[in-house]
Structure formats: structure tokens, C-alpha cells
Amino acid sequence: MYVAELDRSWLHTPFAGPGMRVGSNEEIDALARCCHYVYVDPERSDPDVQPALNQAGTTVPAVDNSDFTNARNTLAEVVQRLAEVVQDARHHGRMELAPLQRAANRLVAEVVHHREACLWLIRLNGARGLLYRRSLGTAIHAIVFGRQLGLDHAELGHLALGGLLLDIGKITVPVPILAKASELNPAERWFVDRHVQQGFSMVRLSDTVDARVTEMVLGHHERIDGTGYPRRLAGTEIPLFARIAGIVDTFDAITLNRRYAAAMSAHDALRHMNHERGQRFDAALVDEFVHALGVYPTGTRVQLVDGRSGIVCAQNPDWPLRPTILLTHNAQGRRLEPPRLLPAGLGGHISRALDPSPPEHEPTTLERAITEH
């Protein structure tokens, strides 16, 4: 059989690579001493083993079925705790945040252990209501970003809670203003902009909240060129967690359909933010954010140079431009039944990111396609 890729860099093994034809048990034993799994390409293997490989399928450990179940349950619990906080804020003007902090800590553990499943779920399934979807998306991206920055578990918990609460102040904005499709007038804009101060006022009443959480709520619309609000801070006047919040909040927002703008693909959103690095966003942090998510983040719909298309479902640091892709359509645009996994690096030359409109396959079908491979 032909081993096209390993679960680690070829440089970390005694093999020349990339790619090798395995012809003996000794070579299999040598591979087993270095790797937990390998990627086998049936089409480049010897003809006499191709039928067996095609029947068995190529095993690609992208996301396990239990990952989706665990991630979905955790996300549902976080949304429930957030809904309780929102209800308290609406009715009483203050919030009990300790239960939400515990849920945020569980979310950190879930993202650490099942990162790809969490990113898939927020990209494909979302959550009930835009406020909850935005809160979840911002929190999850903040955790992924924080891990890239080397933050510890407690700091990731603060990032997660801050992400969940960034837009809590929007519950004070009249619904007709939030739903308005046309340009806001000055009075309406004032209502929207003050959500930052309103959210800050609600969050700081809780004695259990870390100062970095309140910094995120108050500072996520500040920009390093001083054009943000509400305090017009610039550069490092903006606290680190607030600068992180500004990046993840913007990324999550522009990858969703809004009343005044269509969603960008995650890839195009990163390109957009990279264009504003050093102007509106901290340049070094933008670089780290791109590294954290990958050039083509998980959930991005892409087209390959040969015309086939699919969805990025897992990242590989050794192949940043060729992630694992779930192929959903052939070169003629016809749906593949079932979808097929293309392992990282195996001919996955991406030509462009496609628009983020929902694919024809239901999310559950996509999950099943991954877990069955």
C-alpha cells in the first residue's frame, strides 16, 4: 500500500517522505513505532491491494461521533445558563454570574478536547436566536485564540465568560432598532452604541467577575487607531483581553448574515481583518489569530483546483494550506453520496473559498459522514 501522509511531520521520523510504498511487515512495524495512524492512498497503492483498501475505506480521525454529542450537550448547557442570565438581567437589572462562569469553564474544557466539533457546530448548527449564537461563537473563538496565545485554563475561562457577555447590553436596545434593515439614524445609533456601557454596568455589579471580563465587555469596540468607542482608546491603552475581544467579536460577526451585510466566508473574513492589521486591530494578535484558526478555518466551504468542492473539517499544522476536507460535490457540481474525506495534504489544492451559504447536506448528514470515515 502507499502511505501518503503520517500523523506527524516526516521530519520527526526516519523515513525520507513525503510518501512511501509499504512492502513488508518490518516497514509496518517501523511505522507503528513512530505513528498512531497513517493516511493511505488507494489509488497510488499496488493494484492487487486496491480492492481491499477501497472496500475498507480510508480512515481519517477527524471528529469522533462522541465528540459531536459531548460538544452539543455542552453548548446547549451554556446557552441555557446564558438564557437564565439574560432573563435575570431583563427582569431585575442584575445577574448572578457564578453558574455562567462554571458553564464557561466547562466550555473551555470542551473546546480544548473537541475543538473541531465545537467549531463545526457553531458554523453549521448555530443556536437559538442571534444573541445566543453570537455569544457562543465569540466565546469559542476566544478560547481557540487564547490557547494559541498560551493562556492558562483560568485565563481561558475569563475569555470564555467575557465572550458570552460581550453583547449582554443589547437587551436594553429596542427590538425594532436591532431588526432595522436600513441605515440607523443618529438617535438609533446612540441606542446601539450605548449597549457597551449598559453591559458594563450590569456585569460589574457581580462581585465574582474578574476584571478582565469587564475589560472585554467595555472595550470590545475600541480600535487601536483610536476610532472605536466608548472611550476612544488607542494602541496598548486598550487592555489585552479587550483587544482579543475586538478581534473575535468582529470575526464572528462578519461571518454571519446581518441585517445590513451578507456573511463572509471565514477565509475571506480573515483576509479582511488582516488588511486592517496595524490599523484597527493589533497586528501581532491578528497574526496569532490566523495561526489559531488556520488559513481556511474549520467549516469553510472551498473549491479545489480540479473543480471539486467541500467543507474544511479539520486543521493540520504541517499542511496549513491543505486541511482535511469533506468533499461534497464533484468537479461537475453534482453531490457526492456519500461525501468523501480528503486527508490533509492529499491533493487538496484549494483554489478559493466559497460563499458561506448552507450546504445541501444537513448538518447531521455532515457529522455522520465524518464519523463514519
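Since this is a predicted model, take the numbers as computed values, not measurements.

Student: Describe the pattern of salt bridges, with residues and values.
Tutor: A complete count under the given rule lists 19 salt bridges for this structure. A salt bridge links Arg 133 to Asp 252; the nearest nitrogen and oxygen atoms lie 3.1 Å apart. A residue pair is termed long-range when its members are at least 10 positions apart, and Arg 133 in helix α6 (residues 130-148) and Asp 252 in helix α12 (residues 240-254) qualify at 119 residues. We note that Arg 133, like Asp 252, is buried. One salt bridge connects Asp 306 with Arg 308, and the closest N-O pair in it is separated by 2.8 Å. Classification of Asp 306 as partly exposed rests on a relative accessible area of 38%. Residues participating in the shared-partner salt-bridge network are Arg 133, Arg 134, Asp 167, Lys 170, Asp 249 and Asp 252.

Student: How would you explain the sheet that holds strand β1 (residues 2-6) if you had to name every residue and give the values?
Tutor: Pairing is antiparallel in the open sheet, where 3 strands are placed in the order β2-β1-β3. The sheet terminates laterally at β2 (20-21) and β3 (38-40), the two strands that pair on one side only. Summarising the sheet, β1 and β3 pair through 3 bridges and their orientation is antiparallel. Directly across from Leu 6, in β3, lies its bridge partner Val 38.

Student: Give me the lowdown on helix α10 (residues 195-203), citing residues and values where you can.
Tutor: For α10, the set of buried residues is His 195, Val 196, Gly 199, Phe 200, Met 202 and Val 203. For α10, the angular spread of the buried residues around the axis is 165°, confining them to a single face.

Student: Can you break down the sheet that holds strand β5 (residues 309-314) residue by residue, with the values?
Tutor: Spatially, β7-β6-β5-β4-β8 is the arrangement adopted by the 5 strands of the open sheet, whose pairing is antiparallel. Two strands in the sheet have a free side with no partner beyond their single neighbour: β7 (335-342) and β8 (350-353). Adjacent strand axes in the sheet meet at a mean angle of 35° when their direction is disregarded. Strand direction decides the pairing type here: strand β6 (residues 324-329) and β7, joined by 4 bridges, are antiparallel. Following the sheet pairing, Ile 325 is matched in β7 by Leu 342.

Calculation rules
Residues numbered from 1 in each chain as written. Predicted model: local features only at pLDDT ≥ 70, side-chain atom pairs only at ≥ 80, totals over all residues. Heavy atoms only, no water. Salt bridge = Lys/Arg side-chain N within 4 Å of Asp/Glu carboxyl O. Helix = DSSP H or I, 4+ residues; strand = E, 2+ residues; numbered from the N terminus. Buried < 20%, exposed > 50% of the residue type's maximum accessible area, 1.4 Å probe, protein only. Pairing = 2+ DSSP bridges. Arc of directions from axis to C-beta. Axes fitted to C-alpha atoms, helices over the stretch in contact; angles between N-to-C directions.

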